[in-house]
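Spelled out from the first residue to the last, the chains are:
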Amino acid sequence: MNDSVGLRFRRLNRGHVITDELPEHRHKGSSTYSGRVFQATLFCLCGFLLLPLLIIILILESPIQPEVFRLKDPPVMRGCWEPNLKLREATRLFEDQILGPESIVNIGDVFFSGTADGKIVKLTGRRITTVTRLGRPPCGSRDDESTCGRPLGFQVGPNGTLIVADAYLGLFQVNPNTGEAMRLVAGGQVVSGRKLSFINDVTVTKDGKKLYFTDSSSRWQRRDFLNLIMEATADGRVLELDMETREVLVVMENLRFPNGITLLPGEESVLVAETTMARIRRVHVAGLNKGGMDTFVDNLPGFPDNIRPSSGGGFWVAMSTIRPNPGFSVLDFLSQRPWIKKFIFKFGRGAPRRRRLLSEFPRPQRRGGSLR
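Source: prediction; values computed, not measured.

Novice: Describe the overall build of the chain, with residues and values.
Specialist: Across its full length, the chain holds seven helices and 20 strands. Going through the 372 residues of the chain one by one, you find that 43% of them count as buried. For the chain, the exposed surface amounts to about 21400 Å²; the carbon and sulfur share of it is 54%.

Right, dumping it as structure tokens:
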């Protein structure tokens, strides 16, 4: 064997070190068969999950057409806004005996309220007596509300009668002793080209000649109030009823969910809780400023519902839900993101899922309630 042959033989039989690791350069720009299968499976799975969502977003129509609006940053909950536990000290009356009482008035020691099953009830001592029912049964389901009725706002007229605002059926004058009811304004009535679709609250002058009431929306009914809140359309109005002529006039319009209403002491203005905007508006209904409006209280730490005068000269305002600061408010977050609202209502249209997503805003109680 010559030298050149021996050198080649030694090179071919040179020892090698065997390890579990391969040189890094062998992996660059390549992948194993199992890796390619995993990637393909992952892409298919993502496509399978995202395709229905894309169909919902692009094809299905949203039941709401939300508007973009801006709320101020909620006030820091200190000072007069600091939370307390005083309401926990209140005595609960008729707990789990009344279905969803909304407003309450008294004539002497007797109280009156409306319930979710369409009744007007009288509360005397520990007794509950049905005064009348404005609608007709059956009651208890969402579909029945428009015929069963839903009494919301209550006031006592100067002659001792009850003035009742029913969300669907209209404004009524009710004799608290006999239960006799007289319709003053019909629900669904067209006023200035728009229907009264969601009559909410009412207030009456001392002489009983004028009634002022809120119509929360001309598009949505009470049973669709979540749609109204999410859409945030400015189609709410304040209206006036002349008890002598029975003429109904629009006092103010373009409000976002006008809710509770009450007269100021001079009776030249009414305060209106504008729920969606977390503020209270002052609407001038008489005097030199008649037809005007300004903001009475802005940027409340919650979304106002009912408003009533207090014995101390101020006003009680019931908040349906708070806007925590520090904290997170879903409704504040969504106010400038209408596409998220549309998606929620497309994805959960008519389903419990939507109601869970919007659970921050409380719904009327169906199982029971109490008065405090």
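Novice: Outline the environment of Cys 139, supporting the account with residue identities and numerical values.
Specialist: Mapped onto the fold, Cys 139 is located in the loop between β4 (127-133) and α3 (145-148). Sequence-wise, Cys 139 and Arg 150 are 11 residues apart; in three dimensions their C-alpha atoms are separated by 9.8 Å. Residue contacts for Cys 139: discarding those within four places in its chain leaves Asp 117, Arg 133, Asp 144 and Cys 148.

Novice: Please provide a residue-by-residue account of the side chain of Thr 214, values included.
Specialist: The topology assignment puts Thr 214 in strand β12 (residues 210-215). Classification of Thr 214 by relative accessible area gives buried; the value is 0%. For Thr 214, the side chain forms a polar contact with the main-chain oxygen of Asn 259, separated by 2.8 Å.

Novice: Just give me the short version of unusual backbone geometry, but keep the residues and values in it.
Specialist: Cis geometry marks the peptide bond from Pro 137 to Pro 138; its omega dihedral reads 10 degrees. Backbone torsion omega between Asn 325 and Pro 326 reads 10 degrees, so that peptide bond is classified as cis. Tracing the backbone through its elements, the reader meets Pro 326 in the loop between β20 (315-322) and α5 (330-334). A positive phi angle, close to 60 degrees, is found at Phe 257, a residue other than glycine. Note that Phe 257 resides in the loop between β14 (248-255) and β15 (258-263).

Novice: Account for the sheet that holds strand β7 (residues 170-174), with residues named and values stated.
Specialist: Taken together, the four strands give an open sheet; going across it, the order is β5-β6-β7-β8, and neighbouring strands pair in antiparallel fashion. Edge strands, defined here as strands with exactly one partner in the open sheet, are β5 (151-156) and β8 (181-186). Averaged over all pairs of adjacent strands, the angle between their axes in this sheet comes to 20 degrees, without regard to strand direction. Here five bridges tie β5 to strand β6 (residues 162-166), and the two strands are oriented antiparallel to one another. By the bridge assignment, Val 156 is partnered in β6 with Leu 162.

Novice: Please provide a residue-by-residue account of the nonpolar core, values included.
Specialist: Counting residues in each nonpolar core, the largest one holds 34 residues, and the members touching the most others are Ile 120, Leu 134, Leu 162, Val 164, Val 174, Phe 198 and Met 230. Taken together, the elements giving at least two residues each to this core come down to β5, β6, β7, α4 (225-231), α5 and α6 (338-347). When residues in this core are grouped by element, the largest group, five residues, is from α4. The contact partners of Phe 198, leaving out residues within four places of it in the chain, are Leu 152, Ala 167, Thr 214, Asp 215, Ser 216, Ser 217, Trp 220, Gln 221, Arg 222, Phe 225, Leu 228 and Phe 257. In this structure, Val 202, Phe 213, Leu 239 and Met 243 belong to the second largest nonpolar core, which totals 16 residues.

Novice: Tell me about the state of the cysteines, and name the residues and values.
Specialist: Two cysteines joined by a covalent bond between their sulfur atoms form a disulfide. One pass over the full model with this rule turns up one disulfide. The disulfide partner of Cys 139 is Cys 148, and the S-S distance across this bridge is 2.0 Å. Given an S-S torsion of about 100 degrees, the disulfide between Cys 139 and Cys 148 has right-handed geometry. Accessibility expressed as a relative area gives 26% for Cys 139, which makes it partly exposed.

Novice: Any chance you could break down the pattern of salt bridges for me, citing the residues and the numbers?
Specialist: Side chains that differ in charge, positive against negative, can pair when their charged atoms come close. In total, this model carries 16 salt bridges according to the counting rule given. Measuring nitrogen to oxygen at the nearest pair gives 3.5 Å for the salt bridge that ties Glu 95 to Arg 92. Glu 95 sits in the partly exposed class, given a relative accessible area of 40%. Each of Lys 210, Glu 240 and Asp 242 takes part in a single network of salt bridges with overlapping partners.

Novice: Outline the sheet that holds strand β11 (residues 199-204), listing residues and values.
Specialist: Read across the open sheet, the four strands follow the order β11-β12-β13-β14; overall the sheet is antiparallel. Since the sheet does not close on itself, it has two edges, and those belong to β11 and β14, each with one partner. Pairwise comparison of adjacent strand axes, ignoring direction, gives a mean angle of 20 degrees for this sheet. Judged from the six bridges that link them, β12 and strand β13 (residues 236-242) form a sheet pairing that is antiparallel. Note on β13: the bridge partner recorded for Lys 210 is Asp 242.

The rules behind the values
- Residues numbered from 1 in each chain as written.
- Predicted model: local features only at pLDDT ≥ 70, side-chain atom pairs only at ≥ 80, totals over all residues.
- Heavy atoms only, no water.
- Helix = DSSP H or I, 4+ residues; strand = E, 2+ residues; numbered from the N terminus.
- Buried < 20%, exposed > 50% of the residue type's maximum accessible area, 1.4 Å probe, protein only.
- Areas by Shrake-Rupley, 256 points an atom, 1.4 Å probe, with all protein chains shown as cover.
- Contact = heavy atoms within 4.5 Å.
- Polar contact = N/O pair within 3.5 Å; in protein donor to acceptor, adjacent residues only side chain to side chain.
- Pairing = 2+ DSSP bridges.
- Axes fitted to C-alpha atoms, helices over the stretch in contact; angles between N-to-C directions.
- Core = buried A, V, L, I, M, F, W, Y, C linked by side-chain atoms within 4.5 Å.
- Disulfide = S-S within 2.5 Å.
- Salt bridge = Lys/Arg side-chain N within 4 Å of Asp/Glu carboxyl O.

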